[in-house]
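Listed below are the residues making up each chain.
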Amino acid sequence: MKNWISRRNVLSAVSAVTAAGILTACGGGAASSAASQSAAAAPSEASSAAESWGDVKLTMWGAEEDQTMLREMADAFIAENADKGNITIEIGVQSESSAKDTVLADPEAAADVFAFADDQLNELVAAGALQEVLLNPDDVKSRNLAGSVNAATMNDKLYAYPMTADNGYFLYYDKSVLSEEDVQSMDTLLAKADASGKKFMMSLNDAWYIYSFYAGAGLKATLADDGINTVCNWNEAPGADVTQAILDISKQPAFKSGADADIVAGIKDGSCCAAISGTWNAGTAEDTWGENYAATKLPTYTLNGEQVQMGSFSGYKLVGVNPHSSNVGVAMMLADYITNEDNQAKRFNDRKLGPSNIKVNESEAVQNAPAIAALAAQSEYATLQRVGANYWSSAQSLGEILASGDTQGKTTQQLMDDAVAGITAPVAE
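Residues numbered from 1 in each chain as written. Predicted model: local features only at pLDDT ≥ 70, side-chain atom pairs only at ≥ 80, totals over all residues. Heavy atoms only, no water.

(A) Main features of the sheet that holds strand β11 (residues 255-257). The strand order β11-β8-β12-β7-β13 describes an open sheet built from 5 strands, whose pairing is mixed. The open sheet has two edge strands with one neighbour each: β11 and β13 (293-296). Going across the sheet, the axis of each strand differs from the next one's by a mean of 20 degrees, ignoring polarity. Taken together, the 3 bridges between strand β8 (residues 199-202) and strand β12 (residues 272-277) define a ladder with parallel strand orientation. From the neighbouring strand, Phe200 faces β12, where its bridge partner is Ala274. Strands in contact with helix α10 (residues 186-195) are β7 (170-174), β8, β11 and β12; relative to β8, the strand with the most contacts, it is inclined by about 130 degrees. Each of β8 and β12 touches helix α13 (residues 260-269); the most contacted strand, β12, lies at about 150 degrees to it. (Pairing = 2+ DSSP bridges. Helix = DSSP H or I, 4+ residues; strand = E, 2+ residues; numbered from the N terminus. Axes fitted to C-alpha atoms, helices over the stretch in contact; angles between N-to-C directions. Contact = heavy atoms within 4.5 Å.)

This is how it looks when you write it as structure tokens:
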């Protein structure tokens, strides 16, 4: 069983694994100011401890697709610190999208270090399941994009390490089937795909993606002032018309709703010529389509006879440290390490994941990546992902109905009223 570690004990733990000079380097930051209040080790003790951590065992969770990469990062961390002790790091699979639910189910049994989507930060902090960054927070802030730092901050305290700045979606397409002009509108895209006997795919039955239609029409789904519940006006005009527009799209012969795995399969087998997804599928699209691989912002769709630009969620992926960790100081060092400049460059090179690190983001390789450029183009129409817990299941249910085309005898207005009632229902405390 892992024990809760207080701020005072955290600082002692950090001191025990870093030496006094590292804490001083914070230059008056949270760690250095609080260190004077803690029972930190004396300089000689800290120096000795820095030379030998003893036996340290950590568990780190990350996405299934990142397991090989995380193993390599963990092994490099172990090698770099081999002189400090016997370090063991176990890697486990945990999707960033559901990390919060797994962690909060049993915080004491959760991993020491874990990745999560930034919209989960508030609830993790409120539950006491995220350790404030006390080891060189100013350095973490200075090396990452301001948006990613803001996403990792609550009440002016940094609670996580920015890992990526690409948690959004855009349009992939095959240039041998679709031209740059074709993909500007949903109508033309679907017509050209149909003429070629291929499919346009998106996860319509997913709350993350269905948001794009309603947001594009100027409707809102956002976090309430209490930071827990959701404010949503999708049942106001033109919400019912947006719903009808989605139904019309889903009935097109070239349209196919599918999960991410289905989209990957469709790209690989040649049945899919365009898809709405994120940077994590850039490698698949590039490997399959080769020189015909392209990406751009989301298309427009027809709403009451006019073209409306699809919106999207934007966001970041972060790495957090569990305050229940028995080795919280080393856990912070590991989290810092796997999100540093070199490892963010590795994420881009290995997985085509967009970096939050400023220097990596400015590199020529990143700037010339089609997926990153498409994400940047879509960012003008994107909003930070901030909704309450009841948004997800209710919006997903709406998406499932619209993807199936079976409205269960309800009008589009009734569908919207039902969806908004579920989305805005008070979250059980």
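(B) The arrangement of the side chain of Gln94 in detail. Among the secondary structure elements, Gln94 is positioned in the loop between β2 (85-93) and α6 (99-105). Note on Gln94: relative accessible area 9%, which makes it buried. Excluding its chain neighbours within four sequence positions, the residues that come into contact with Gln94 are Trp61, Gly62, Ala63, Ala99 and Thr102. (Buried < 20%, exposed > 50% of the residue type's maximum accessible area, 1.4 Å probe, protein only.)

(C) Up close: the layout of surface pockets. Of the voids in this model, the largest pocket is the one considered here, and its volume is about 1000 Å³. Residue lining of the largest pocket: 32 residues in total, with Ser95, Ser97, Ser98, Asp206 and Trp208 positioned closest to the centre. Within the residue set of the lining of the largest pocket, elements represented by two or more residues are α6, α11 (207-216) and α20 (390-404). Element by element, the count of residues in the lining of the largest pocket is highest for α11, at 3 residues. Each pocket or cavity is described by its volume, and for the second largest pocket that value is around 380 Å³. For the lining of the second largest pocket, the secondary structure elements donating two or more residues are β16 (312-314), α18 (364-367) and α19 (370-378). (1 Å grid on protein atoms, 1.4 Å probe; cavity = no way out; pocket = protein on both sides within 12 Å on 5 of 7 lines; lining within 4 Å. Points joined across faces, edges and corners; volume = space filled by probe spheres on them.)

(D) Quick peek at the sheet that holds strand β6 (residues 161-164). Read across the open sheet, the 5 strands follow the order β2-β1-β3-β17-β6; overall the sheet is mixed. Both outer strands of the open sheet, β2 and β6, are each paired with one neighbouring strand and no more. Adjacent strand axes in the sheet meet at a mean angle of 25 degrees, parallel and antiparallel pairs treated alike. Strand direction decides the pairing type here: β6 and strand β17 (residues 317-321), joined by 3 bridges, are antiparallel.

(E) View of the environment of Pro253. Checked against the element boundaries, Pro253 lands in the loop between α12 (239-250) and β11. On a C-alpha basis, the gap between Pro253 and Ala193 in space is 9.3 Å, while along the polypeptide they are 60 residues apart. Those residues in contact with Pro253 that lie beyond four places of it in its chain are Asp194 and Lys199.

(F) Region of the structure containing the pairing of β17. Within β17, 5 of the 5 residues are buried, which leaves the element mostly enclosed by the surrounding structure. Neither face of β17 is open: one carries Lys317, Val319 and Val321, the other Leu318 and Gly320, and all of them are buried. Summarising the sheet, strand β3 (residues 113-117) and β17 pair through 5 bridges and their orientation is antiparallel. Bridge assignment links Ala117 to a residue of β17, and that residue is Lys317.

(G) Looking closely at the pairing of β3. Burial analysis of β3 places 5 of its 5 residues in the buried class, which makes it a mostly covered element. The side-chain alternation of β3 yields two buried faces, one formed by Val113, Ala115 and Ala117 and the other by Phe114 and Phe116. Two elements, strand β1 (residues 54-62) and β3, share 2 bridges in a ladder whose sense is parallel. Each residue of the ladder has a partner; that of Trp61, found in β3, is Phe114.

(H) Quick peek at the environment of Pro107. When you line up the elements, Pro107 lands in the loop between α6 and β3. Between the C-alpha atom of Pro107 and that of Gly128, which follows or precedes it by 21 residues, the distance is 8.7 Å. Contacts of Pro107, omitting those with residues within four sequence positions, involve Asn322 and His324.

(I) Spotlight on the pattern of salt bridges. With the rule as written, the count across this model stands at 14 salt bridges. Note that Glu90 and Lys57 form a salt bridge whose closest N and O atoms lie 3.3 Å from each other. Residue Glu90 is located in strand β2, and its partner Lys57 is located in strand β1; the two are separated by 33 residues in the primary sequence. Here Arg143 and Asp336 are joined by a salt bridge, their closest N and O atoms 3.0 Å apart. On the criterion of sequence distance, the pair formed by Arg143 in helix α8 (residues 137-143) and Asp336 in helix α15 (residues 328-338) is long-range, its members being 193 residues apart. (Salt bridge = Lys/Arg side-chain N within 4 Å of Asp/Glu carboxyl O.)

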